[in-house]
Amino acid sequence: MLKIAWTESYVLPLPPNHRFPMSKYEVLPEQLLHEGTIQSKNIFHPAPLGEEWILQTHDRDYWIKLSTLALTPQEVRRAGFPLTNELVQREIVIANGTVQCALYALQFGIAMNIAGGTHHAFTNRGEGFCLLNDIAIAANYLLHQKLVNRILVVDLDVHQGNGTAQIFQGDSSVFTFSMHGAHNYPLIKERSDLDIGLPDYTQDNFYLSVLDANLKNLIDQVQPDFIFYQCGVDILDTDKLGRLSVSREGCKQRDRLVLGAAKENKIPIVASMGGGYSIDFRDIIEAHANTFRLAQEIFF
Ligand SMILES: [Zn+2]
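Residues numbered from 1 in each chain as written. Predicted model: local features only at pLDDT ≥ 70, side-chain atom pairs only at ≥ 80, totals over all residues. Heavy atoms only, no water.

### Focus on the pattern of salt bridges
This model, assessed by the stated rule, comprises 13 salt bridges. Of the charged contacts, one joins Arg-293 and Glu-35 as a salt bridge, the two residues approaching to 2.8 Å between their closest N and O atoms. Of this pair, Arg-293 sits in helix H10 (residues 281-299) while Glu-35 is found in helix H1 (residues 24-35), placing the two residues 258 residues apart along the sequence. Accessibility expressed as a relative area gives 30% for Glu-35, which makes it partly exposed. Ionic pairing is found between Arg-248 and Asp-283, a salt bridge with its closest N-O pair at 2.7 Å. Within this pair, whereas Arg-248 is found in helix H9 (residues 248-264), its partner Asp-283 is found in helix H10, the two being separated by 35 residues in sequence. Taking relative accessible area as the criterion, Arg-248 reaches 35% and is therefore assigned partly exposed. Given a relative accessible area of 15%, Asp-283 falls into the buried group. Connected through salt bridges with shared partners, the residues Glu-35, Arg-248, Asp-283, Glu-286 and Arg-293 form a single ionic network. (Salt bridge = Lys/Arg side-chain N within 4 Å of Asp/Glu carboxyl O. Helix = DSSP H or I, 4+ residues; strand = E, 2+ residues; numbered from the N terminus. Buried < 20%, exposed > 50% of the residue type's maximum accessible area, 1.4 Å probe, protein only.)

### Side note on the pairing of strand E7 (residues 226-230)
With five of its five residues buried, E7 lies for the most part within the structure. The side-chain alternation of E7 yields two buried faces, one formed by Phe-226, Phe-228 and Gln-230 and the other by Ile-227 and Tyr-229. Of the pairings in the sheet, the one linking strand E4 (residues 151-155) to E7 comprises five bridges and is parallel in character. By the bridge assignment for E7, Asp-155 is matched with Gln-230. With four bridges joining them, E7 and strand E8 (residues 269-272) adopt parallel strand pairing. (Pairing = 2+ DSSP bridges.)

Any functional reading would require information that these geometric values do not contain.
Next comes the structure, spelled out in structure tokens:
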């Protein structure tokens, strides 16, 4: 069964006119239920993650400052959300969503989080709407529990997975792969194990052929026994922040390549949603919904 992490606190109340499209976390599960892609039994409601698991990935000082709402105004600005207890709760529930998804993926082959992919969170700071790195936390959880040996992170959000790259720098059990817009935020990029920076206005054919070749190589070379997939949809040509020109169909083909490779090679995979800032909200929902539709089609 396709297990999906979601709970009400994923939807953080934001000030009016805040630039983050928070309502996608509310509308996407409604859409998936409404159209019959999933039923309510597919959804599970994660509890907040225990502090010990946060500290496997993040510095204690940073976690204390975050959880006691003591980040500096500059740090709060960089993160992009008002710093409240609700925000901290949301982050630790989402992080546990990805941890629990990882356990479900070992059982069912795949599981998905309707949030997360917070790849701009570093060991000691947050930025770009990311405070805790859910993928890194879940990867460290699996490794610590000796459930897997070698993890591949496939980060296809239009923005580089800079936090994830920093967290796993020098860690040979996690291979970080980020394919992103070369001229997109972050301006100064970290070094992933493999970075592919794409030129502005990259279209479907080029995007998909580069991805396909690299994915095959990585599965051969890295021999991962687990994959985390950051499936941000800000690669779309309709995106306000992205600089690429991938169509909605191209984005769906991208998901098919990644999910198909995991299924074909029998590698458990967890998808965390990542970014999406299309001008028309329906473009965001449709592109994210496609990832879930494909998961059902390919795996079940
Ligand atoms: Zn992004």
